[in-house]
Amino acid sequence: MNNSYKHSLSTNSKIEQISVNRCFDGEQHYYCHESTATKTPMTFSIYLPDEALAGRRCPAVLYLSGLTCNADNVTHKAHFQQKCSELGMIFIAPDTSPRSHDAHDVANDERYFVGQGASYYVDATQAPWVEHFNMQSYIVDELYDLLRSEFPIDSIGITGHSMGGHGALLLGFKFPSKFVSVSALSPVCAASESAWGQAAYTEYFGDDKSLWAQADASQMIVEVGQQYASILVDQGAADNFLAEGQLQTPKLQAACEKAKQPLTLRYQAGHDHSYYFIQTVINDHIEHHWRMAQMG
């Protein structure tokens, strides 16, 4: 690592480095920090190509993971590092929810689609969730500003898988001034109309359906209209969650048509909801965000 970069990161830094591993022409880093938004420790991984390690400002993509995942899943399984190394792209993967003992106890819920690891990247308004489950504020305010202050980031695009795909679409359209590009992999497209989302939103927001609507990606797209030159969405055609109605992909297509938002929606034959599918399409998403960054 460039010595001046290492020194600048450690001086008065709000983050603590956990690990560093050389990977292609760059390094895979892990960090932790104390979050004011969640009132818990939070961790994230970040891949820094050599250009960034030398202090050159690079485009970045922020990846939001799905239910039950943390930063490890995409970092270890998606194989994005080689493409990011080739393009000079930074790749960031935060955790999916608060994970401290206190937060887990307060949000005492064993349903994998509601409790720890299932924040939907929203700010909860109902007890006991409201104290710690403030992932919208964490992602778009706290982590966003922290990343820009600590790393040589030029612009940020947002993507994600499943619940994280919902988060990418929702936050990308809710805060378009923060992100230059949006994509998603097998996203939950209409959380307020899926069994998973309804269970989570009943806990996080209670019965206030206006808050549910503000946390529904397809409804947000219709509300704000076109925000991007194009968005890319890949969906496995053999995804059992698609068949069960948890993803509601046609509602995203209808929302984009109504909002006049250009959408490239690809159904990938034979592919399911797993990281084998993510490995198959992740390079296309990295290239999408790189191209959008060059246009911006």
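Residues numbered from 1 in each chain as written. Predicted model: local features only at pLDDT ≥ 70, side-chain atom pairs only at ≥ 80, totals over all residues. Heavy atoms only, no water.

Some details on the overall build of the protein
Per the secondary structure count, the protein includes 13 helices and nine strands. For 296 residues, the compact-globule formula gives about 19 Å, and the C-alpha radius of gyration of the protein, at 18 Å, lands near that figure. On the principal axes, the C-alpha backbone points of the protein span a range of 55 × 40 × 30 Å. For the protein, with 296 residues in total, the buried portion stands at 58%. A sequence separation of at least 24 residues applies to 73% of the contacts in the protein between residues at least 6 apart. (Helix = DSSP H or I, 4+ residues; strand = E, 2+ residues; numbered from the N terminus. Rg over C-alpha atoms; globule rule 2.2 N^0.38 Å. Buried < 20%, exposed > 50% of the residue type's maximum accessible area, 1.4 Å probe, protein only. Contact = heavy atoms within 4.5 Å.)

Let's talk about the packing of aromatic side chains
Scanning the entire structure with this criterion turns up 14 aromatic pairs. Centre to centre, the rings of tryptophan 129 and tyrosine 204 are 5.2 Å apart; their planes meet at 70°, and the pair counts as edge-to-face. Highlighted residues: tryptophan 129 in the loop between helix H5 (101-106) and helix H6 (135-150) and tyrosine 204 in helix H8 (residues 195-205), separated in sequence by 75 residues. On the basis of relative accessible area, tryptophan 129 is assigned to the buried category, the value being 2%. Aromatic side chains tyrosine 201 and tryptophan 212 sit 6.2 Å apart centroid to centroid with 70° between the ring planes, which places their arrangement in the edge-to-face category. Here tyrosine 201 is found in helix H8, whereas its partner tryptophan 212 is found in helix H9 (residues 209-214), with 11 residues between them in sequence. The exposure class assigned to tyrosine 201 is buried, which follows from its relative accessible area of 0%. For tryptophan 212, a relative accessible area of 8% translates into the label buried. One aromatic cluster is present, built from ring pairs that chain together Tyr120, Tyr201, Phe205 and Trp212. (Phe/Tyr/Trp six-rings, centres within 6.5 Å; stacked < 30°, edge-to-face > 60°.)

Some details on the nonpolar core
Within the largest apolar cluster, 70 residues are counted, with the highest numbers of intra-cluster contacts made by Tyr120, Ile139, Tyr201 and Tyr204. In this structure tyrosine 204 touches Val114, Gly115, Ala118, Ser119, Tyr120, Val122, Ala124, Thr125, Gln126, Trp129 and Phe133, once residues within four positions along its chain are discounted. (Core = buried A, V, L, I, M, F, W, Y, C linked by side-chain atoms within 4.5 Å.)

A word on H8
All of the buried residues in H8 are Trp196, Gly197, Ala199, Ala200, Tyr201, Tyr204 and Phe205. Considering only its buried residues, H8 is in contact with helix H7 (163-174), H9 and helix H11 (240-243).

Overview of the packing of H7 against helix H10 (residues 217-224)
For any two helices packed against each other, the geometry is given by the interaxial angle and the distance between the axes. Here H7 crosses H10 at 20°, and the two axes come no closer than 9 Å. Classed by the angle they form, the pair H7 and H10 counts as roughly parallel. The two elements H7 and H10 cross, and the hand of that crossing is left-handed. Of the residues in H10, those in contact with His166, Leu169, Leu170, Phe173 and Lys174 of H7 are Ala217, Met220, Ile221 and Val224. When the residues that make up the contact of H7 with H10 are grouped by side-chain class, the tally is seven nonpolar, one polar and one charged. (Axes fitted to C-alpha atoms, helices over the stretch in contact; angles between N-to-C directions. Parallel < 35°, antiparallel > 145°, perpendicular 65-115°, else oblique. Left-handed = near helix turned anticlockwise from the far one by under 90°. Nonpolar A, V, L, I, M, F, W, Y, C, P; charged D, E, K, R; others polar.)

What to know about the environment of aspartate 72
In this structure, aspartate 72 sits in helix H3 (residues 71-77). Here aspartate 72 falls in the partly exposed class, since its relative accessible area comes to 31%. Leave out the neighbours within four places in its chain, and aspartate 72 touches Tyr30 and Lys77.

Concerning H6
The sharpest bend along H6 comes to roughly 35°, located at leucine 143. Restricting attention to buried positions, one finds in H6 the residues Met135, Gln136, Tyr138, Ile139, Val140, Glu142, Leu143, Tyr144, Leu146, Leu147 and Glu150. (Bend = angle between axes of the 7 residues up to and from the residue.)

A few points about the confidence of the model for the protein
Chain-level pLDDT for the protein is 93 on average; 93% of the residues reach the 70-or-more range. Low pLDDT (under 50) marks residues 1-5, which in the prediction has 13 contacts with non-local residues, meaning those over four places away or in another chain. (pLDDT = per-residue confidence, 0-100.)

Brief notes about the sheet that holds strand S9 (residues 263-268)
Sheet architecture is open: three strands sit in the order S7-S8-S9, paired in parallel fashion. Each edge of the open sheet carries a strand with a single partner, namely strand S7 (183-185) and S9. Averaged over all pairs of adjacent strands, the angle between strand axes in this sheet comes to 10°, irrespective of strand direction. Pairing between S7 and strand S8 (residues 231-236): three bridges, direction parallel. Bridge pairing in S8 places serine 183 opposite leucine 232. In this fold helix H12 (residues 249-259) packs onto S8 and S9, with an angle of close to 160° to the strand it touches most, S9. Docked against the sheet, helix H13 (residues 275-295) engages S7, S8 and S9, running at close to 175° with respect to S8. (Pairing = 2+ DSSP bridges.)

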